[in-house]
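The residues making up each chain are set out below.
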Amino acid sequence: MRELALNVLDISENSLSAGARLVTLELEADFGKDRMRITIEDDGCGMDEEMLARVTDPFTTTRTTRKVGMGLPLFKYSAESAGGSFSISSQKGKGTRVSAEYQIGHVDRMPLGDFGGVVLQLVTMNPSVDFLVRVRTDGGEGTLDTRELRGILGEDIPLGAPEVRAFLKEYIQENLVSLYGGRL
């Protein structure tokens, strides 16, 4: 993968496949400390200890269509090769939490990419799942919670409606630019 946002999309899709009803995405950047952390957490089916121990091996997958799973191994590699770290925790029946930390200025850190576009796609294309998105930087914090949006819009207006999607696209981009201004 050429950008970290695609890792976020891939791992979020794992959460959806695991039956998650709530997916939390967190992006934290501390430019003063030259650190960035991306965390994806879900309330899906989780993994037992045996699967958790093997999940970052590319030849471990739950898919039946192919025998390799590259999402988590690539996410782990991207963090560790960029002066960072990777962690994953999971509990069967409770959910999974994946976190990768990066040195922002490391020569091998992939660009964040279109994080806003990934958030927009996840939020608007998965009407039965809620997303909580938090972005924190030295310059502030922003939150997008689909539960709040659904409360405002009511049950008759889906988040994927063209007018809502257009509003969300602008809202997400505007807030991301004000928080990290293309520095990731």
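Scroll up to find the structure this text is about.
All of these numbers come straight from a predicted model, not from anything done at the bench. (Residues numbered from 1 in each chain as written. Predicted model: local features only at pLDDT ≥ 70, side-chain atom pairs only at ≥ 80, totals over all residues. Heavy atoms only, no water.)

**Here we look at helix H4 (residues 115-125)**
Right, on to step 1. Most of H4 sits out of view: eight of its eleven residues are buried.
Right, on to step 2. Every buried residue of H4 is listed here: Phe-115, Gly-116, Val-118, Val-119, Leu-120, Leu-122, Val-123 and Thr-124.
Right, on to step 3. Among the structural elements, helix H1 (4-17), strand S1 (22-30), strand S5 (130-137), strand S6 (140-145), helix H5 (146-153) and helix H6 (162-180) are those in contact with the buried residues of H4. (Buried < 20%, exposed > 50% of the residue type's maximum accessible area, 1.4 Å probe, protein only. Helix = DSSP H or I, 4+ residues; strand = E, 2+ residues; numbered from the N terminus. Contact = heavy atoms within 4.5 Å.)

**Some details on the pattern of salt bridges**
Right, on to step 1. Scanning all chains against the criterion turns up eleven salt bridges.
Right, on to step 2. Across the salt bridge formed by Arg-35 and Glu-101, the nearest N and O atoms sit 2.9 Å from each other. Residue Arg-35 is found in strand S2 (residues 35-42), and its partner Glu-101 is found in strand S4 (residues 95-103); the two are separated by 66 residues along the sequence.
Right, on to step 3. What makes Arg-35 partly exposed here is its relative accessible area of 25%.
Right, on to step 4. Across the salt bridge formed by Arg-136 and Glu-141, the nearest N and O atoms sit 3.6 Å from each other.
Right, on to step 5. Through salt bridges with shared partners, a single network forms among Glu-26, Glu-28, Arg-35, Arg-37, Glu-101, Arg-134, Arg-136 and Glu-141. (Salt bridge = Lys/Arg side-chain N within 4 Å of Asp/Glu carboxyl O.)

**Focus on the pairing of S5**
Right, on to step 1. Within S5, six of the eight residues are buried, which leaves it mostly tucked inside the rest of the structure.
Right, on to step 2. Both S1 and S5 contribute to a ladder of eight bridges, which runs parallel. The partner of Thr-24 across the bridge, within S5, is Leu-132.
Right, on to step 3. Here S5 pairs with S6 via six bridges, running antiparallel. Bridging across to S6, Arg-136 finds its partner in Glu-141.
Right, on to step 4. The hairpin turn running from S5 into S6, its antiparallel successor, is two residues long. (Pairing = 2+ DSSP bridges.)

**As for empty space enclosed by the protein**
Right, on to step 1. Per the counting criterion, the structure on display carries one cavity of 30 Å³ or more.
Right, on to step 2. In this model, the largest cavity occupies a volume close to 120 Å³.
Right, on to step 3. Along its surface, the largest cavity is lined by Val-119, Val-133, Val-135, Gly-142, Thr-143, Leu-144, Tyr-171, Ile-172, Asn-175, Leu-176 and Leu-179.
Right, on to step 4. Broken down by secondary-structure element, the contributors of at least two residues to the lining of the largest cavity are S5, S6 and H6.
Right, on to step 5. Considered class by class, the residues forming the lining of the largest cavity number eight nonpolar, three polar and no charged. (1 Å grid on protein atoms, 1.4 Å probe; cavity = no way out; pocket = protein on both sides within 12 Å on 5 of 7 lines; lining within 4 Å. Points joined across faces, edges and corners; volume = space filled by probe spheres on them. Nonpolar A, V, L, I, M, F, W, Y, C, P; charged D, E, K, R; others polar.)

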